[in-house]
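Chain residues, written in single-letter form:
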Amino acid sequence: MEMIRTGNLKKSYMPGKVEVKALNGVDTSIEHGEFVAIMGPSGGGKSTFLNLVGMLDTPTSGEIYIDGSDVTKMNSNTRAEYRLKHIGFVFQFFNLFNELTAVENVMFPMMLNKQSGYKYRAKELLNLVGLGDRLHHLPSELSGGQQQRVTIARSLANDPKMLLADEPTGNLDTKSSIEIIELFRKLNQERGQTIVMVTHSPEIGGMADRIIHFRDGIIENL
Amino acid sequence: MPVDLRCALFYSRKDIFKNKKIFAFITLSIIFATANIIVINGLTDGMIKDLVDNTIESSSGHLNIYPADNERFIEGLGVKEQRLAALEEVEAYSPRLSASGVLSNKELSASVAILALDPDKERRTTKLLDKITKGMALNSNDNNAILVSYRLAEDLKLDVGDEAELAFENGKSKVYNVKGIIRTGAADFDSSTVIMPLNEANQQLAFDNSASVILIKLSDKELADAYMPVIMQVLGVSNVKTWKEETEYLLSFAEAWQSFSSIISAVGLVAAAISVGIIIYINVIHKTRQIGIMKAIGAKDDFIFTVFLMEAVLFGVIGVSIGDGVGYFAVKYLEAHPFPEPMLGSMAPRFYMYLLYDASLVTMLTVILAAVYPAFIAGRMNIIKAIWGD
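Owing to the predicted nature of the structure, the values given are computational and were not obtained by experimental measurement.

Undergrad: Explanation requested: the overall build of chain A in the structure shown.
TA: Counting its secondary structure elements, chain A contains 7 helices and 10 strands. Over its C-alpha trace chain A gives a radius of gyration of 17 Å, about what one expects of a compact globule, namely 17 Å for 222 residues. When its C-alpha atoms are laid out on the principal axes, chain A stretches across 50 × 40 × 35 Å. Residues classed as buried in chain A amount to 56% of the 222 residues present. Contacts in chain A between residues at least 24 apart in sequence constitute 73% of all its contacts with a sequence separation of at least 6. Approximately 9200 Å² of chain A is accessible, and the part contributed by carbon and sulfur atoms is 47%. Each charge sign in chain A was given a centre, from 24 positive and 26 negative side chains, and these centres are 4 Å apart.

Shown next as structure tokens:
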């Protein structure tokens, strides 16, 4: 069953006077429970694709279906609500809220979603990512690998249908990178989480079920 | 509820306490703005109240009866006094006679306003005779004594116990003993007034128990407007003025002064508003990526707007609460340690509860308004630009 399907997906920007086609007709689908790596050279359209399927941006044209829903027709508020309930994000630069502790960072999306028992669940998630002993540390008191694990715990807060990760190991050393990917693998296998991960690293990409290559705004068939 | 206020409050609270120096800076500016409004308005209101009270206490009753048009004196004084004494709301009354004359001390002399009164009735009606700064007050039978206003005494080099010759407007003159020096705070009065007993003045001026005005003290000065028609009807008089009419010039001065103090308060408020607005704007700019992340994980525009507006509310609540306290204690301190003032002797602010309400409301609204624009900018931020700066 398809988790993500795109049809003739296009995205153009006008950073100056010349139009840049970031995506130029992408047709693809990703199944429920798949762990997919998106790879390709810089400027190939990987992050643009992730932003579009993550509903952070709107396409110039084309279709995006998430779990059967046409998300291109949703307004800004509906998209925000959908992201909150069904999509988890992990970014390259950890991007935690600096003024909140680890447990508060994980609680935050659940509070936003008006969930009850958020503190207990936040602790559970931090235990899951191996940070049960760092609950009340601020991001500045955690290592890069630990911060990224807090980000992953936060992305799981509302039990999303899919996790989107944009170069999640880009700022980590090899050991931490492998730990993060192993964590993704564990979530994928044990919780059936659909994971779409952009990476530059062939080693990291190789740990996914499938790799989709982007070049010049289209999917490259290797 | 469209926005989860609890969640917005949670983040706002964490955010404003993160940087203690910025928190202290913003809070201090709000504290000073609030306290400034309380002290300045307390001072203005206190000064106006002192001026009005002083005027009523020394030169006006709550109601004043004047002679009919084209008459110099009030006719039938005895009957009118009897009728006044029978009225329930009239606590006291004091007939006064005004005349002119020349007071001389050796080679020095000055034109004076003669104010003749019945000391016993005057004491029950006004506090004029309490304002003697040196010597003693008059008695009704002090036929050879006068009180002299302090500037007149200075001009004529008179002191208590000295003798001075008073020439009346009818040409008669008599030597009086200066029994006391009086200072009311009213410039006109203090510069050239001689006070003497009413009986003595009537006798010297050959008047038949006359008065130029009757001051009436009511049980409550706020009854003046309502009671004026009663007085007019019962006494059969047509020319009656309330204390408000008598102090109209003071009230218009007060109005002008209040406008001036409003400008001073507004300057403080604008300074606080600019501080809050700029700090929240800078905070929004510094937090661009975090705002992007917040939106990426599902926060709606109005939630982000609420977070930053809530920060202003928190700054406002904390700053205004402390500012109210600072303002209250500053006013209380100045009440106990008034400024010296040449006319009234001293000038001090007065504390009224409405000063707290007004200052709190105006400062809160200003601080919240100052945060609207940066909060709006935060709410409208584009996610992609906010996270990646593209």
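Still to come is the rest of the account.
Undergrad: Mind showing me how you'd approach the side chain of Thr-193 of chain B here?
TA: Residue and element names in this part refer to chain B. Locating Thr-193 in the fold gives a position in strand β8 (residues 193–197). Residue Thr-193 is classed as buried on the basis of its relative accessible area of 5%. A polar contact of 2.6 Å, which involves the side chain of Thr-193, links it to the backbone oxygen of Phe-189. Here Thr-193 is in contact with Ala-113, Leu-115, Leu-147, Val-148, Ser-149, Leu-152 and Asp-188, once residues within four sequence places are set aside.

Undergrad: Where do I start with the sheet that holds strand β7 (residues 162–166) of chain A in this structure?
TA: Either a parallel or an antiparallel arrangement is found when strands of a sheet pair, and the pairing is made through backbone hydrogen bonds. All names here are of chain A. Taken together, 6 strands build an open sheet; the order of strands is β6-β7-β8-β3-β9-β10 and the sheet is mixed. Edge positions in the open sheet fall to β6 (87–90) and β10 (218–220), since each of these has one partner strand only. In this sheet, neighbouring strand axes are inclined to one another by 25° on average, regardless of whether the strands run parallel or antiparallel. In terms of strand pairing, β6 meets β7 through 4 bridges, oriented parallel. Note that in β7 the partner of Val-90 across the bridge is Ala-165. Where helix α1 (residues 46–53) meets the sheet, it contacts β3 (35–39), β6, β7, β8 (194–198) and β9 (210–215), and its direction lies at approximately 150° from that of β7. Strand contacts of helix α2 (residues 76–86): β6 and β7, with the helix running at about 80° to β6, the strand carrying the most contacts.

Undergrad: Before we go on, may I ask you to explain the packing of aromatic side chains in this structure?
TA: Both the distance between ring centres and the angle between the ring planes are used here to describe each pair of aromatic rings. One pass over the full model with this rule turns up 15 aromatic pairs over all chains. Ring geometry for Phe-73 of chain B versus Phe-207 of chain B: centroids 4.6 Å apart, planes at 55°, classification tilted. Residue Phe-73 of chain B is located in the loop between β1 (63–65) and α3 (77–86), and its partner Phe-207 of chain B is located in the loop between α7 (198–205) and β9 (213–218); the two are separated by 134 residues in the primary sequence. On the numbers, 6.4 Å between centres and 75° between planes, the contact of Phe-168 of chain B with Tyr-176 of chain B is edge-to-face. Accessibility assignment for this pair places Phe-168 of chain B and Tyr-176 of chain B in one class, buried. Among the aromatic residues, those joined into a cluster by ring pairs are Phe-97 and Phe-108 of chain A together with Tyr-11 and Phe-303 of chain B. Above the face of the Trp-243 of chain B ring, Lys-221 of chain B is positioned so that its terminal group lies 4.5 Å from the ring centre.

Undergrad: Help me out: how do you make sense of the nonpolar core in this one?
TA: What tends to happen in soluble globular proteins is that the nonpolar side chains get buried as a cluster. With 106 residues, the main nonpolar core has Ile-66, Phe-108, Leu-126, Ile-152 and Phe-184 of chain A together with Phe-303 and Phe-308 of chain B as its most contacted residues. The element contributing the most residues to this core is helix α12 (residues 301–336) of chain B, with 10 residues. Filtering out sequence-adjacent residues up to four positions away, Phe-184 of chain A remains in contact with Phe-35, Val-90, Ile-152, Leu-163, Ala-165, Pro-168, Ile-195 and Met-197 of chain A.

Undergrad: What am I meant to see in the packing of α12 of chain B against helix α13 (residues 353–379) of chain B here?
TA: Residue and element names in this part refer to chain B. Closest axis-to-axis distance for the α12/α13 pair is 8 Å, and the angle between their directions is 155°. Considering their axes alone, α12 and α13 lie roughly antiparallel with respect to each other. Viewed along their axes, α12 and α13 form a crossing whose handedness is right-handed. Along its contact with α12, which presents Asp-301, Ile-304, Phe-305, Phe-308, Leu-309, Ala-312, Val-313, Gly-316, Val-317, Val-320 and Asp-324, the element α13 presents Leu-356, Ser-360, Thr-363, Met-364, Val-367, Ile-368, Ala-371, Val-372, Ala-375, Phe-376, Ala-378 and Gly-379. Of the residues contributing to the contact of α12 with α13, the split by class is 17 nonpolar, 4 polar and 2 charged.

Undergrad: Whenever I open this one, the interface of chain B and chain A confuses me. Can you help?
TA: It is common to report an interface's size as the accessible area lost on association of the parts. Opposite the 26 residues of chain B that make contact, chain A presents 28 residues. When the two sides are added together, the surface that chain B and chain A hide from each other amounts to roughly 2600 Å², 64% of it contributed by carbon and sulfur. The largest contributions to the chain B side of the interface with chain A come from Phe-10, Ile-297 and Lys-300 of chain B, which together make up 22% of the buried area. The tally of links from chain B across to chain A stands at 3 salt bridges. The closest approach of N and O atoms between Lys-287 of chain B and Glu-99 of chain A, which form a salt bridge, is 2.5 Å. Counting every contact that joins chain B to chain A gives 6 residue pairs in polar contact (both at pLDDT 80 or more).

Reading guide: rules and limits
- Residues numbered from 1 in each chain as written.
- Chains lettered and ligands numbered in written order.
- Predicted model: local features only at pLDDT ≥ 70, side-chain atom pairs only at ≥ 80, totals over all residues.
- Heavy atoms only, no water.
- Helix = DSSP H or I, 4+ residues; strand = E, 2+ residues; numbered from the N terminus.
- Rg over C-alpha atoms; globule rule 2.2 N^0.38 Å.
- Buried < 20%, exposed > 50% of the residue type's maximum accessible area, 1.4 Å probe, protein only.
- Contact = heavy atoms within 4.5 Å.
- Areas by Shrake-Rupley, 256 points an atom, 1.4 Å probe, with all protein chains shown as cover.
- Lys, Arg positive; Asp, Glu negative; His and termini not counted.
- Charge placed at Lys NZ, Arg CZ, Asp CG, Glu CD.
- Polar contact = N/O pair within 3.5 Å; in protein donor to acceptor, adjacent residues only side chain to side chain.
- Pairing = 2+ DSSP bridges.
- Axes fitted to C-alpha atoms, helices over the stretch in contact; angles between N-to-C directions.
- Phe/Tyr/Trp six-rings, centres within 6.5 Å; stacked < 30°, edge-to-face > 60°.
- Lys NZ or Arg CZ within 6 Å of the ring centre and 35° of its normal.
- Core = buried A, V, L, I, M, F, W, Y, C linked by side-chain atoms within 4.5 Å.
- Parallel < 35°, antiparallel > 145°, perpendicular 65-115°, else oblique.
- Left-handed = near helix turned anticlockwise from the far one by under 90°.
- Nonpolar A, V, L, I, M, F, W, Y, C, P; charged D, E, K, R; others polar.
- Buried area = accessible area lost by both parts, 1.4 Å probe.
- Salt bridge = Lys/Arg side-chain N within 4 Å of Asp/Glu carboxyl O.

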